[in-house]
Amino acid sequence: MKNIAILLIAFVALSTTTLANGEKTPATSTIELKFIGHYENQPVFQLNLNNATEDEYAITFRDEFGNVLYAAKVKGSNISKKFMLNTEEIGDNVLNVEVKSKKNDKSEVYQINRNRSIVEETVVNKVK
């Protein structure tokens, strides 16, 4: 199994909003995965599970061939986890991250694509 470092932090709950006519806003996903930066030249992602009631989630990282690189279960409400990918081991392969809720049997899949590009910019400015 490949190394994927995990850090755990607390996250504040989001509240639902009510429209003027009394209707609730359309249901938004309680699952969010986002890139938050680099640590020691490795990409770091944050997974937010914004659920008001306690639930159990299965988190699975898979490579482009379906091989499981990391799998874990977390239980609670308003969970936030950080994942640091070891790019020396996984290279530039595409990763799929599946997060599945046990309570409502709902799952979401995110795809992580890493692209590198070198940008060279030449600027000419008039000084006088």
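The shown structure was predicted, so the numbers you read here are calculated from the model rather than taken from an experiment.

**Q** Which parts of the structure should I look at to understand the overall build of the protein chain?
**A** Across its full length, the protein chain holds one helix and eight strands. Secondary structure elements of the protein chain occur, N-terminal to C-terminal, as β-β-β-β-β-β-α-β-β. Expressed as a percentage of the 128 residues in the protein chain, the buried residues total 33%. Counting contacts in the protein chain only where the partners sit at least 6 residues apart, residues at least 24 apart contribute 58% of the total. Accessible area of the protein chain: about 9,200 Å², with a carbon and sulfur share of 50%.

**Q** How should I be thinking about the pattern of salt bridges in this particular structure?
**A** Opposite charge on two side chains permits them to pair, given that their charged atoms come into close proximity. Following the criterion strictly, the structure yields five salt bridges and no others. Among the salt bridges present, the one from Glu-108 reaches Lys-106, with a minimum N-O distance of 3.8 Å.

**Q** What is the right way to look at the sheet that holds strand S7 (residues 95–101) in this model?
**A** In any sheet, the strands associate via hydrogen bonds between backbone groups, in a parallel or an antiparallel arrangement. Here four strands make up an open sheet; going across it, the order is S5-S4-S7-S8 and the pairing antiparallel. In this open sheet, the two strands that pair with only one neighbour each are strand S5 (68–76) and strand S8 (107–112). The sheet shows a mean angle of 15° between the axes of neighbouring strands, taken without regard to direction. Direction of pairing for strand S4 (residues 55–63) relative to S7: antiparallel, over a ladder of seven bridges. Of the residues in S7, the one forming a bridge with Phe-61 is Val-97.

**Q** Looking at this model, I keep getting lost on the confidence of the model for the protein chain. Mind explaining?
**A** Interpretation of this model should avoid reading the predicted coordinates in detail wherever pLDDT is low. With 78% of its residues at a pLDDT of 70 or more, the protein chain has an overall mean of 79. Within the model, pLDDT remains below 50 along residues 1–19, and this stretch shows 43 contacts once partners closer than five positions in the same chain are excluded.

**Q** Even after reading the chapter, I still don't get the environment of Lys-106, so can you show me in this structure?
**A** Inspection of the secondary structure puts Lys-106 in the loop between S7 and S8. Once you skip the residues sitting within four places of it in the chain, Lys-106 turns out to touch Ser-29, Val-99, Lys-100 and Ser-101.

**Q** Please explain the packing of aromatic side chains as it appears in this structure.
**A** Any two aromatic rings considered together are summarised by their centre-to-centre distance and by the angle between their planes. Under the criterion given, the structure shown has four aromatic pairs. Considering the side-chain rings of Tyr-70 and Phe-83, the 5.7 Å spacing of their centres and the 70° angle between planes classify their relative orientation as edge-to-face. With a gap of 13 residues between them, Tyr-70 in strand S5 and Phe-83 in strand S6 (residues 79–85) connect regions that are remote in the sequence. Taking relative accessible area as the criterion, Tyr-70 reaches 11% and is therefore assigned buried. Under the relative-accessibility criterion, Phe-83 is labelled buried at 1%. Three or more aromatic residues joined by ring pairs form one cluster here, namely Phe-61, Tyr-70 and Phe-83.

So, how was this worked out
- Residue numbering note: each chain is counted from 1, following its sequence as written.
- Confidence filtering applies because this is a predicted model: local features only for residues at pLDDT of at least 70, side-chain atom pairs given and counted only at 80 or more, and all residues used for totals across whole chains, interfaces and linings.
- Side-chain descriptors were evaluated using all non-hydrogen atoms of the structure, hydrogens and water having been removed beforehand.
- Helix and strand assignments follow DSSP, with helices taken as H or I runs no shorter than four residues and strands as E runs no shorter than two, numbered in order from the N terminus.
- Each residue's exposure class comes from its accessible area (1.4 Å probe, protein chains only) as a fraction of the maximum for that residue type: buried when under 20%, exposed when over 50%, partly exposed otherwise.
- The contact rule is simple, with two residues in contact once any of their heavy atoms fall within 4.5 Å.
- Methods summary: accessible areas were calculated by the Shrake-Rupley approach with a probe of 1.4 Å, and residue burial reflects only the protein chains presented.
- For this document, the term salt bridge refers to a Lys or Arg side-chain nitrogen within 4 Å of an Asp or Glu carboxyl oxygen.
- For two strands to pair, DSSP has to find at least two bridges joining them.
- Here an axis means a line fitted to C-alpha atoms, over the contact stretch when the element is a helix, while the angle between two N-to-C directions is reported on a 0 to 180 degree scale.
- As a per-residue measure, pLDDT tells how confident the predictor is, with possible values from 0 to 100.
- Classification of ring pairs rests on two measures: the distance between centres of Phe, Tyr or Trp rings, Trp counted by its six-membered ring, which must be within 6.5 Å, and the angle between planes, read as stacked under 30 degrees, edge-to-face over 60 and tilted in between.

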